[in-house]
Amino acid sequence: MRKPFVAGNWKMNTDGHTGTNLAEAIASATVEVAGQSVDVAVCPPFVYLQAVAGVLSASHIALGAQDVYIESKGAFTGEIGASMLKDVGCAYVLCGHSERRHVIGEPDELINKKVAAAISGGLLPILCVGELIEERQASRTEEVVTRQMKNGLAGLSAEKVSAVTIAYEPVWAIGTGLTATPQQAQQMHALVRKLLAQTYDGQLAEGIRILYGGSVKPGSAADLMRQKDIDGLLVGGASLNADDFVAIIKAAV
Ligand code: 13P
């Protein structure tokens, strides 16, 4: 009942030319599945959103941004608001990606405001959660993800939370070539769904998509997708190669 969802996070990669070429190649190779048997989104850097939107306008691939500011407009030099992202064609936005948490230093409280701002602005947030390797080694994985979920969704009504997608991305698996095993990922996805059921209700929890991210490759996608609570994939490095990303999309159908 949950349609699979594969999103590509381009991070700070591509340029205008390679980004539009990449989007075009993905769109033309997924005409028969995108938006039908699998939802697909790409998240280019802000400055290429509009160009990529142009390429994707005739496709069923959605556009996402990698971040959003907590206010809708005003004197916030360098920031981008939800209405601007809507204006250039975004449907989704990543909130609390591990690189924003751990490289830029975003705390849970700021991420929570970003999720709320995204929903108020008509975007569908993808809230990213996941533990550091030290936290896993100290058996704190569940505690960390529980905290990130609770704080990230704090104060949001069930109706608002139904607009959210969760991405479980263990930080130690991002960009390292170390994928969580399907069993490790499933265990955390089940925890995320249980938390949603406890905080809201079982029906809402069953309807929310939970993506796995962290070194997903064409060879690992199908096994991950076979897990009961893995509803899709958030792909970094492999989403920059059209053949690899298309293979991942097809493995998720
Ligand atoms: P990689 O697929 O490169 O590990 O990145 C995952 C990620 O951070 C997606 O948001």
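### Description of the site of the ligand
Alright, step 1. Taken together, the residues surrounding the ligand are Asn-9, Lys-11, His-97, Glu-169, Ala-173, Ile-174, Gly-175, Gly-214, Ser-215, Leu-234, Gly-236 and Gly-237.
Alright, step 2. At a separation of 3.1 Å, an oxygen atom of the ligand approaches a polar side-chain atom of Asn-9.
Alright, step 3. A distance of 2.7 Å separates an oxygen atom of the ligand from a polar side-chain atom of His-97.
Alright, step 4. Surface burial for the ligand is 96%, taken as the share of its 310 Å² of free accessible area covered by protein chains.
Alright, step 5. Here the shell around the ligand is built from residues that sort into three nonpolar, seven polar and two charged.

### Quick look at the sheet that holds strand S3 (residues 62–65)
Alright, step 1. With respect to topology, eight strands assemble into a closed barrel ordered S1-S2-S3-S4-S5-S6-S7-S8, the strand pairing being parallel. The average undirected angle you get between the axes of adjacent strands in this sheet is 25 degrees.
Alright, step 2. Against the sheet, helix H2 (residues 49–56) contacts strand S2 (39–43), S3 and strand S4 (90–95), and its axis sits at roughly 170 degrees relative to S3.
Alright, step 3. Along the sheet, helix H9 (residues 182–199) makes contact with strand S6 (165–168) and strand S7 (210–213), crossing S7 at roughly 150 degrees.

### Structural notes on the packing of aromatic side chains
Alright, step 1. Summed over all chains, the structure comprises three aromatic pairs.
Alright, step 2. Aromatic side chains Tyr-168 and Tyr-212 sit 6.4 Å apart centroid to centroid with 55 degrees between the ring planes, which places their arrangement in the tilted category. Of this pair, Tyr-168 sits in strand S6 while Tyr-212 sits in strand S7; the two residues are 44 residues apart in sequence, bridging distant segments of the chain.

### A look at the side chain of Thr-141
Alright, step 1. Inspection of the secondary structure puts Thr-141 in helix H7 (residues 141–152).
Alright, step 2. Contacts of Thr-141, omitting those with residues within four sequence positions, involve Glu-131, Glu-135, Arg-136, Tyr-168 and Met-188.

### Let's talk about the pairing of S3
Alright, step 1. Covered by surrounding structure in S3 are Ala-62 and Gly-64 together with Leu-63 and Ala-65, the residues of both alternating faces.
Alright, step 2. With helix H3 (residues 82–87) bridging S3 and the parallel S4, this β-α-β connection has right-handed handedness.

### Some points on the confidence of the model for the chain
Alright, step 1. Confidence in the prediction of the chain, expressed as mean pLDDT, is 98, and 100% of residues score 70 or more.
Alright, step 2. Mean pLDDT per element in the chain: helix H6 (residues 133–137) is the minimum at 97, and S4 is the maximum at 99.

### Side note on the pairing of S2
Alright, step 1. With five of five residues buried, S2 is to be regarded as a mostly interior element.
Alright, step 2. Burial along S2 is two-sided: the residues Asp-39, Ala-41 and Cys-43 and Val-40 and Val-42 are all buried.
Alright, step 3. Where strand S1 (residues 5–9) meets S2, five bridges bridge the pair, whose relative direction is parallel. Bridging across to S2, Ala-7 finds its partner in Ala-41.
Alright, step 4. The β-α-β motif built from S2, the intervening H2 and the parallel element S3 has right-handed crossover chirality.

Definitions and limits used
- Residue positions are counted from 1 within each chain, in the order its sequence is given.
- Only residues with pLDDT of at least 70 get local features here, since the model is predicted, and only at 80 or more are side-chain atom pairs given and counted; chain-wide, interface and lining totals rely on the full set of residues.
- The side-chain numbers reported here are obtained from all heavy atoms of the structure, hydrogens and water having been left aside.
- Nearness here has a simple test: a residue counts as near a molecule or strand if at least one of its heavy atoms is within 4 Å of that partner.
- Two N or O atoms count as a polar contact when they lie within 3.5 Å, although within protein this holds only if one can serve as hydrogen donor and the other as acceptor, and sequence-adjacent residues are included solely when both atoms are side-chain atoms.
- In this description, accessible areas are obtained by the Shrake-Rupley approach with a 1.4 Å probe, and a residue is regarded as covered only by the protein chains that are shown.
- For this classification, Asp, Glu, Lys and Arg are treated as charged, while Ala, Val, Leu, Ile, Met, Phe, Trp, Tyr, Cys and Pro are nonpolar and the rest, including Gly, are polar.
- In short, DSSP must find at least two bridges between two strands for them to pair.
- Strands here mean DSSP runs of E at least two residues long; helices mean DSSP runs of H or I at least four residues long; both are numbered from the N terminus.
- Between N-to-C directions, angles cover 0 to 180 degrees, with each direction set by a line fitted to C-alpha atoms, over the stretch in contact for helices.
- Should any heavy atoms of two residues lie within 4.5 Å, those residues are counted as being in contact.
- Working definition: a ring pair exists when centres of Phe, Tyr or Trp rings (six-membered ring for Trp) sit within 6.5 Å. Plane angles under 30 degrees give stacked, over 60 give edge-to-face, the rest tilted.
- Burial classes: relative accessible area under 20% of the type maximum marks a residue as buried, over 50% as exposed, and values in between as partly exposed (1.4 Å probe, protein chains only).
- Seen with the strands pointing away from the viewer, any crossover whose path from the first strand over the helix to the second strand runs clockwise is right-handed.
- On a scale of 0 to 100, pLDDT captures the predictor's confidence in every residue.

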